Amino acid sequence: MAVLKVKFTKTKRDKLAQILWILNWVSVVSGIILFSLGLFLKIEIKKRNEVMAKGDINSVPNMLISVGVIACIINFLGGKICYDCSDANKFSRWKLVMLPYIVCTFCFTFCILVGALMCYTMKNELEESLYLGLRDAIKFYKDTDIPGRCFLKKTVDLLQIGFHCCGNNGFRDWFEIQWVSARYLNMASKEVQDRLKSNVDGKFLVDGVPFSCCNPSSPRPCIQYQLTNNSAHYNYDFMTEELNIWVKGCREALLDYYTAIMRSIGIAALLIWLFELSVLIGVRYLQTAMKNVLLLGDLEGESDGWLLENSFVETAKYNISIIKNLGKANQISTVSGMNDPNINVQNTDCGKTNVTTKSIPTAR
């Protein structure tokens, strides 16, 4: 029994073809939107590439860009097919193409759904990439004289100023590394020597942060050093001075920023998927209705259209049997006990036989 069978008159078939022609052109625009969203996300990730570790974080924008390009091509072809389907004579040339086209379009719409879901599932990969990338960027903050790392100080400072954040997880991350270059340390100073000797790694560690961690909204001049020493500053309590420096870590700030972008892109991709799915359903109805018209032979009469010719269970069983039988048609069975049917066939004597021939009288 056909699934969701609908009866179409010629007028309904013509209107459906015209509507689908318009919707396919709208789908071309939706493909451009998907391409643009993927390109926008790729550019945004590229902007913070210096503070991200290498990983699969580009898989989502690449997926959206690819799906967007394919959407433009498939829907452009779909518009041409639906336009011709308003005429039964023109439909005959697309008759063998429409079913493969519907199958390819179904796979394509599934890819849109996958891309939309990936926008919500890549948070863990993005968080790990940001954690590792920011850790290395902060570690090499002081290396302004080393080629390949000299730009990291500017990158981190602009990042902390722009996103109102400090450190990787928080401002205390700066306490654990030497972020002041050795060229700016007075090695003859006893205080510097004591700090270098105070840890096994010989690093100059201070309870201070770079200037980019300062909050310009603070009512007092920014305190960058001895942040946890209340006695070093007048009328100061680091537990309550939340406006002095940014408290949020840059990993959290960037993760919130990219999560908001991907959430919006995911919603847009889901809406486009629903729209593409509705267009695909309409094309399927049009294909089956036009096919049945040709079978009936009455181009002006009514015809049935459906999503599936048989029930879901029967269709699934049929497709599974096709998959199981793939490649078995020309295989020779080697199961024990089964022999070639030509092995025991008796040979036919194709040699000369003792046939008596009449003698031809000789002329006298």
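Shown above is the structure to which this text applies.
Residues numbered from 1 in each chain as written. Predicted model: local features only at pLDDT ≥ 70, side-chain atom pairs only at ≥ 80, totals over all residues. Heavy atoms only, no water.

A. Inspection of the nonpolar core at higher detail. Counting residues in hydrophobic clusters, the biggest one holds 78 residues, and the most contacted among them are L126, W174, V209, L227, L254, V283 and L286. Each of domain 1 (2-137 + 252-320) and domain 2 (171-247) gives at least three residues to this core. Aside from chain neighbours lying at most four places away, what touches L254 is R48, V51, L130, L134, L159 and F163. (Core = buried A, V, L, I, M, F, W, Y, C linked by side-chain atoms within 4.5 Å. Buried < 20%, exposed > 50% of the residue type's maximum accessible area, 1.4 Å probe, protein only. Domains from an automatic or database assignment. Contact = heavy atoms within 4.5 Å.)

B. Highlighting the state of the cysteines. As enumerated under the stated definition, the model contains three disulfides in all. Across the disulfide from C166 sits C213; the S-S distance is 2.1 Å. Taking the sign of the S-S torsion, about 85° here, the bridge from C166 to C213 comes out right-handed. Remark: C213 occurs in the loop between α6 (190-197) and α7 (250-296) and C166 occurs in the loop between α5 (152-163) and α6; sequence separation between them is 47 residues. C213 carries the same exposure label as C166, and that label is buried. One disulfide bridge connects C214 with C222, the sulfur atoms lying 1.9 Å from each other. Between C214 and C222 the sulfur-sulfur dihedral comes to about -80°; the bridge is accordingly left-handed. Residue class for C222 comes out partly exposed when judged on its relative accessible area of 30%. When the cysteines engaged in disulfides are numbered in sequence order, the chain pairs them as 1-6, 2-3, 4-5. (Disulfide = S-S within 2.5 Å. Helix = DSSP H or I, 4+ residues; strand = E, 2+ residues; numbered from the N terminus.)

C. Inspection of α5 at higher detail. For α5, spanning 12 residues, the distance from its first C-alpha to its last is 16 Å, which sits close to the expected 16 Å at 1.5 Å a residue. Lining the buried residues of α5 we find α4 (123-139) and α7. At the C-terminal side of α5, H164 shows a positive phi close to 55°. (Expected span 1.5 Å × (residues − 1).)

D. Expanded view of the packing of α4 against α7. Relative to each other, α4 and α7 sit at 145°, their axes nearing to 10 Å. In the packing of α4 onto α7, the handedness of the crossing is right-handed. Together, K123, L126, E127, L130, Y131 and L134 of α4 and C250, R251, L254, L255, Y258, T259 and M262 of α7 make up the contact between the two elements. Among the residues forming the contact of α4 with α7, the class breakdown is nine nonpolar, one polar and three charged. (Axes fitted to C-alpha atoms, helices over the stretch in contact; angles between N-to-C directions. Left-handed = near helix turned anticlockwise from the far one by under 90°. Nonpolar A, V, L, I, M, F, W, Y, C, P; charged D, E, K, R; others polar.)

E. Broad picture of the side chain of E44. Relative to the helices and strands, E44 resides in helix α1 (residues 10-47). Residue E44 is classed as buried on the basis of its relative accessible area of 5%. Once you skip the residues sitting within four places of it in the chain, E44 turns out to touch Y257, Y258 and I261.

F. Inspection of unusual backbone geometry at higher detail. Even without being a glycine, H164 presents a positive backbone phi close to 55°. Note on placement: H164 falls in the loop between α5 and α6. Of note, Q226 is a non-glycine position whose phi angle comes to about 50°, a positive value.

G. Up close: the side chain of N24. You can see N24 is positioned in helix α1. With relative accessibility at 0%, the residue N24 sits in the buried group. Setting aside anything within four residues of it in sequence, one finds N24 in contact with N75, G78, G79, C82, Y101, V279 and V283.

Function cannot be inferred from these measures alone, as they are strictly geometric.
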